[in-house]
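# Residue-level structure breakdown
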Amino acid sequence: MTIKVLGYAAQSASQALAPFQFERRSLRNNDIVIEILYCGVCHSDLHQARNDWGGSAYPMVPGHEIVGKVIGIGPNTTRFKVGDHVGVGCMVDSCRDCQACKKGLEQYCEKFPTYTYNGVDRHDHTVTQGGYSEKIIVSEDFVVKIPDSLDLKAAAPLLCAGITTWSPLRHWKVGKGSKVAVTGLGGLGHMAIKFAKALGAEVTLFTRSLGKSEDAKKLGADRIILSTDRKQMESVRGEFELIIDTVPSAHDLNPYLPTLGLDGNLVLVGLLGPIEPFLHTVPLLLGRRSVTGSAIGGIAETQEMLDFCGKHGIVSDIEEIKIQEINAAYERMLKSDVKYRFVIDIASLRSEAV
Ligand code: NAP
Ligand code: ZN
Ligand code: ZN
């Protein structure tokens with residue numbers, strides 16, 4: 001039996017999000033039913049709601065930083081019980097059979113993962129809908145446990161902003177004494193700073209917003225560089241082994257390349273699209289530097305990150321909002337005016353349902 005759920009949906013690329021009633025699928029044997037308590041607001045939600053990347057299907061209920069409580073379990077589930085606090089990130093399924101899936105890298109599934117929203121369910125071919133809603137039904141293999149020690153609402157952004165920055169830090173083996181830079185202090189950027197610091201790195205922030213300097217220091221940055229100031233950029237020439245670039249749109253990467261040391265990597269996690277202006281290859285050749293990319297993280301890695309957060313008391317810095325404030329929140333996010341992640345209290349949606 002399907003269940004009726006209230007959410008907030010975009011009806012087109014140019015319309016504000018508004019209440020939307022829809023149905024969640026009937027429970028499958030391996031499924032978990034989750035009452036959603038909080039959902040983070042990722043810049044990707046805005047990109048997708050407004051069809052910035054093309055391929056958006058409407059109506060669309062965004063939201064892939066989901067934290068909630070288990071309220072139902074399928075007969076073949078083994079990992080969760082009713083009452084557990086759990087999370088769901090950007091994926092709800094994958095082929096589970098390709099090389100990437102077998103390595104626990106479901107985000108790089110050769111047949112593409114099923115995304116939490118604006119995706120198509122691989123079994124019944126219905127369109128998936130995300131976390132700006134009361135409930136969600138997900139295969140238990142794509143559900144993670146939220147450590148008891150973490151504040152639930154502040155943990156929600158870990159499901160995307162957290163794992164997207166954790167994964168490259170781990171892949172490129174950041175540890176004690178590593179020199180890491182982060183470009184852009186938003187949802188992803190502030191988590192990148194916290195994680196790099198907690199892993200023992202020396203952390204630099206590249207920002208266009210000097211007003212964020214004090215916050216950046218509190219978050220763990222050792223140094224702040226104004227990316228628009230040539231002299232300041234010059235002062236960190238050859239410094240970094242890793243730069244995590246979280247900027248959501250095309251921007252000139254050329255000033256950043258000389259700040260990488262020998263074999264350094266600039267990892268793009270923000271931009272989906274062509275690099276403009278062109279990259280000059282000289283700093284790549286003379287220094288064997290790379291420009292590369294990274295997408296979210298696998299399910300096991302997401303649990304590893306959450307457990308690390310539980311142990312070290314790491315959560316996101318959030319501004320809690322009501323669902324009715326989502327459209328204003330998108331506008332503020334476009335102006336980089338968020339410290340540092342909006343999180344929707346889904347109770348505000350339930351009050352609308354009555
Ligand atoms: P956000 O909270 O809006 O933060 C982005 C930050 O980038 C801003 O706070 C700003 O920092 C900087 N910035 C914005 N526009 C800029 C511009 N034109 N030039 C230079 N800097 C600019 O966004 P977010 O939620 O962190 O997401 C960042 C990007 O990552 C989005 O494009 C999102 O879709 C993408 N994303 C990718 C993945 C993945 O798997 N790879 C996962 C999640 C999100 P300053 O004020 O400090 O300059
Ligand atoms: Zn996201
Ligand atoms: Zn696969």
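Everything numeric in this text was worked out from a predicted model, so none of it was measured.

### A closer look at the overall build of the chain
From N to C terminus, the chain includes 11 helices and 17 strands. Relative to the globule expectation of 20 Å for 354 residues, the C-alpha radius of gyration of the chain, 20 Å, shows essentially globular dimensions. Once the C-alpha set of the chain is aligned to its principal axes, its extents read approximately 60 × 40 × 35 Å. In the chain, buried positions account for 57% of the 354 residues. Sequence-distant contacts, at least 24 apart, represent 67% of the contacts inside the chain between residues at least 6 apart. Per element, the accessible surface of the chain, about 15,200 Å² overall, is 53% carbon and sulfur.

### Things to note about the site of ligand 1
Close contacts around ligand 1 come from 28 residues, with His43, Thr207, Ser209, Lys212 and Arg341 the closest. Residue Gly187 places a main-chain N or O atom 2.9 Å away from an oxygen atom belonging to ligand 1. Within the contact set of ligand 1, a nitrogen atom lies 2.9 Å away from a backbone nitrogen or oxygen of Val269. When the free accessible area of ligand 1 is taken as 930 Å², the share hidden by the protein chains comes to 90%. Take the shell around ligand 1: its biggest share by element is three residues, from helix H1 (residues 43-49). Split into classes, the residues belonging to the shell around ligand 1 amount to 11 nonpolar, 14 polar and three charged. Here the shell around ligand 1 gathers at least three residues from each of two domains, domain 1 (3-160 + 318-351) and domain 2 (162-293).

### Here's the deal with the packing of aromatic side chains
Per the counting criterion, the structure on display carries five aromatic pairs. Ring centres 5.3 Å apart and planes at 75° place the aromatic pair Trp166 and Phe195 in the edge-to-face group. Here the residue Trp166 occupies a position in helix H4 (residues 161-171), and Phe195 occupies one in helix H5 (residues 187-198), the gap between them amounting to 29 residues. Its relative accessible area of 0% is what places Phe195 among the buried residues. Seen from their ring centres, Phe206 and Phe240 are 5.7 Å apart, and the 85° between their planes marks the pair as edge-to-face. Of this pair, Phe206 sits in strand S11 (residues 202-207) while Phe240 sits in strand S13 (residues 240-245), and the two are 34 residues apart along the sequence. Taken individually, Phe206 and Phe240 each receive the classification buried, so the pair is uniform in this respect. Ring pairing ties together the aromatic residues Trp166, Phe195 and Phe308, which thus form one cluster.

### Let's talk about the coordination of the zinc ion (ligand 3)
Here the zinc ion (ligand 3) is held by the protein donor atoms Cys95 (SG), Cys98 (SG), Cys101 (SG) and Cys109 (SG), which lie 2.3 to 2.4 Å from it. The coordination sphere of the zinc ion (ligand 3) comprises four donor atoms, whose angles at the metal cover 103 to 119°; the geometry is tetrahedral. Summarised as a motif, the one-chain spacing of the donors to the zinc ion (ligand 3) is C-x2-C-x2-C-x7-C. Exposure remark for Cys98: the relative accessible area of 7% places this residue in the buried category.

### Thoughts on the pairing of strand S12 (residues 223-226)
In this structure, S11 lies alongside S12, joined through four bridges in parallel fashion. Across the sheet, the residue bridging to Thr207 is Leu226, located in S12. For the crossover that starts at S11, traverses helix H6 (residues 213-219) and ends in the parallel S12, the hand is right-handed.

### Quick word on the coordination of the zinc ion (ligand 2)
Around a metal, the perfect tetrahedron of four donors has angles of 109.5 degrees, and the perfect octahedron of six donors has angles of 90 or 180 degrees. With distances of 2.0 to 2.3 Å, the protein atoms coordinating the zinc ion (ligand 2) are Cys42 (SG), His64 (NE2) and Cys160 (SG). Of note, the donors binding the zinc ion (ligand 2) are all from one chain and are spaced C-x21-H-x95-C. Remark: Cys160 occurs in the loop between helix H3 (152-155) and H4 and His64 occurs in the loop between H1 and strand S4 (66-73); sequence separation between them is 96 residues. The buried category is assigned to His64, whose relative accessible area is 7%.

### Some remarks on the nonpolar core
General note: in soluble globular proteins, nonpolar side chains tend to be found buried as a group. One finds Val41, Tyr132, Leu158, Leu169, Phe195, Ile326 and Tyr330 to be the most contacted residues of the largest nonpolar core, which totals 90 residues. Broken down by element, this core gets its largest block of residues, seven residues, from strand S3 (residues 31-41). Core analysis: the second largest hydrophobic core is formed by 14 residues, Ala181, Ile243, Leu257 and Leu260 among them.

### Focus on the domain arrangement of the chain
You can read the domains of the chain as domain 1 (3-160 + 318-351) and domain 2 (162-293). The C-alpha centroid of domain 2 is placed 28 Å from the C-alpha centroid of domain 1. On the domain 2 side, the residues contacting the 12 residues of domain 1 number 17 residues. When the buried area of domain 1 at its contact with domain 2 is split by residue, Leu158, Cys160 and Tyr340 rank highest and sum to 48% of it. Our count for the contact surface shared by domain 1 and domain 2 stands at one salt bridge. The salt bridge involving Asp215 is made with Lys339; its shortest N-O contact spans 3.5 Å. Taken together, domain 1 and domain 2 are joined by nine residue pairs in polar contact (both at pLDDT 80 or more). Tallied by class, residues from the side of domain 1 that touches domain 2 come to six nonpolar, four polar and two charged.

Rules of the game
Residues numbered from 1 in each chain as written. Chains lettered and ligands numbered in written order. Predicted model: local features only at pLDDT ≥ 70, side-chain atom pairs only at ≥ 80, totals over all residues. Heavy atoms only, no water. Helix = DSSP H or I, 4+ residues; strand = E, 2+ residues; numbered from the N terminus. Rg over C-alpha atoms; globule rule 2.2 N^0.38 Å. Buried < 20%, exposed > 50% of the residue type's maximum accessible area, 1.4 Å probe, protein only. Contact = heavy atoms within 4.5 Å. Areas by Shrake-Rupley, 256 points an atom, 1.4 Å probe, with all protein chains shown as cover. Near = heavy atom within 4 Å. Polar contact = N/O pair within 3.5 Å; in protein donor to acceptor, adjacent residues only side chain to side chain. Nonpolar A, V, L, I, M, F, W, Y, C, P; charged D, E, K, R; others polar. Domains from an automatic or database assignment. Phe/Tyr/Trp six-rings, centres within 6.5 Å; stacked < 30°, edge-to-face > 60°. Donors = N, O, S within 2.8 Å, 3.2 Å for Na, K, Ca; no water. Tetrahedral: all angles 85-135°; square planar, octahedral: opposite > 155°, others 65-115°. Pairing = 2+ DSSP bridges. Right-handed = clockwise from strand over helix to strand, strands pointing away. Core = buried A, V, L, I, M, F, W, Y, C linked by side-chain atoms within 4.5 Å. Buried area = accessible area lost by both parts, 1.4 Å probe. Salt bridge = Lys/Arg side-chain N within 4 Å of Asp/Glu carboxyl O.

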